[in-house]
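# Structural overview for review
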Amino acid sequence: MTALTTSPRRTGGPRIRNVVRMQLVNRQTYIWIPLIVLFGTLLITLAIWGVIIGNGGSGNLFGGGAQAPLWYFGVVGVQALTLTFPFSQAMSVSRREFFFGTLLTAAMTALILAIVFVLGAFIETVTNGWGMNGYFFALPGIWDAGAAVAGLFYFSIAMLFFIVGFTSATIYKRFGGIALTVVLVGLGALLVLAMFLIGRLNAWGPVFTWFAELGILGGAFLVLGVVAVLSATAYGILRRATP
């Protein structure tokens, strides 16, 4: 008789890459919708600037619409869990593999968005702000720190929004809507308390000075630190979450 043998279960890198491919089956969530939001906002901003200049406006024009796709990354974070986590468990993907594969997918798409931001800023600098002195990507303070630092900053912000959405979804999946509401209200209360204490101690000046001295590069690393903490929190919760 021939002994029955079973092939070992493949783990690690290959299965994490499979999670990336699974997440990117619906590319519009991760790639196309953020880009449509970004360029749609850019076109609307350019049209508004054209109206301003047509009515005699002058001077540098700045738009904050570039933040729109960054906010959408919070929605992407929620969908990354709610839409694919149950399916991944049906495909016998471990929670660890799902988590790291999903985080890798988010990092890849955040990097794409950061590159688009940097390229847009280059275009604005060589075209004198689209020929209108209008700056949508090359915002003062951020772009002044250099292309690499600006790209890192935008990458970190995109990842922050993603992991906030993802962590919120894991709390909801593990503990339910009431628990998520309590957490959000609690965080809001802590923020108000912190603002109250800063005001009572007349410490707003030192706080603003600290942020100014931190700079864009320091701010990017600070945000990435928050991303790391939230990622660890989300992973801990996900380990016990049910599909």
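See the structure printed just above.
Quick caveat: nothing in here was measured; it's all calculated off a predicted structure.

About the thresholds
Residues numbered from 1 in each chain as written. Predicted model: local features only at pLDDT ≥ 70, side-chain atom pairs only at ≥ 80, totals over all residues. Heavy atoms only, no water. Helix = DSSP H or I, 4+ residues; strand = E, 2+ residues; numbered from the N terminus. Buried < 20%, exposed > 50% of the residue type's maximum accessible area, 1.4 Å probe, protein only. Contact = heavy atoms within 4.5 Å. Lys, Arg positive; Asp, Glu negative; His and termini not counted. Charge placed at Lys NZ, Arg CZ, Asp CG, Glu CD. Expected span 1.5 Å × (residues − 1). Axes fitted to C-alpha atoms, helices over the stretch in contact; angles between N-to-C directions. Parallel < 35°, antiparallel > 145°, perpendicular 65-115°, else oblique. Left-handed = near helix turned anticlockwise from the far one by under 90°. Core = buried A, V, L, I, M, F, W, Y, C linked by side-chain atoms within 4.5 Å.

A separate point is the overall build of the chain. Helices and strands together make up the secondary structure of the chain, namely nine helices and two strands. When the helices and strands of the chain are read in sequence order from the N terminus, they spell out α-α-β-α-α-α-α-β-α-α-α. Dimensions of the chain, computed from the C-alpha atoms along their principal axes, are close to 90 × 45 × 30 Å. Here the chain, with 243 residues, has 40% of them falling under the buried criterion. Within the chain, contacts between residues at least 6 apart in sequence are counted, and of these 79% link residues at least 24 apart. Separation between the mean location of the 13 positive side-chain charges and that of the 4 negative ones in the chain comes to 27 Å.

What follows deals with helix H8 (residues 177-200). Three- or four-residue spacings in an α-helix give side chains the same orientation, since the helix completes a turn every 3.6 residues. Over its 24 residues, H8 runs 34 Å from end to end, which matches the ideal 34 Å to within 8%, given 1.5 Å per residue. In the stretch just after H8, Asn-202 is the one whose phi turns positive, near 50 degrees.

Two numbers describe a pair of packed helices, the interaxial angle and the distance between the axes. Packing of helix H3 (residues 68-82) against helix H5 (residues 95-126) leaves a shortest axis separation of 11 Å and a crossing angle of 160 degrees. Taken together, the axis directions place H3 and H5 in an arrangement best described as roughly antiparallel. Regarding H3 and H5, the two cross each other, and that crossing is right-handed. Where H3 approaches H5, its residues Pro-69, Leu-70, Phe-73, Ala-80 and Leu-81 are matched on the opposing element by Phe-98, Thr-102, Ala-106, Thr-109, Ala-110, Leu-113 and Phe-117.

The subject of this paragraph is the nonpolar core. Membership of the largest hydrophobic core comes to 57 residues, with the highest contact counts inside it found for Phe-98, Tyr-154, Phe-162, Phe-166 and Leu-238. Of all the elements in the fold, those that place two or more residues in this core are helix H1 (13-23), helix H2 (27-54), H3, H5, helix H7 (147-175) and helix H9 (204-238). Other than its neighbours up to four places away in sequence, Tyr-154 contacts Leu-70, Ala-114, Phe-117, Phe-137, Leu-139 and Ile-142.

Bringing unusual backbone geometry into the picture now. We note that Trp-130 has phi near 60 degrees; this positive angle belongs to a residue other than glycine. Residue position: Trp-130 is located in helix H6 (residues 129-133). The residue Asn-202 is not glycine, and still its phi comes out positive at about 50 degrees. By the secondary structure assignment, Asn-202 is in the loop between H8 and H9.

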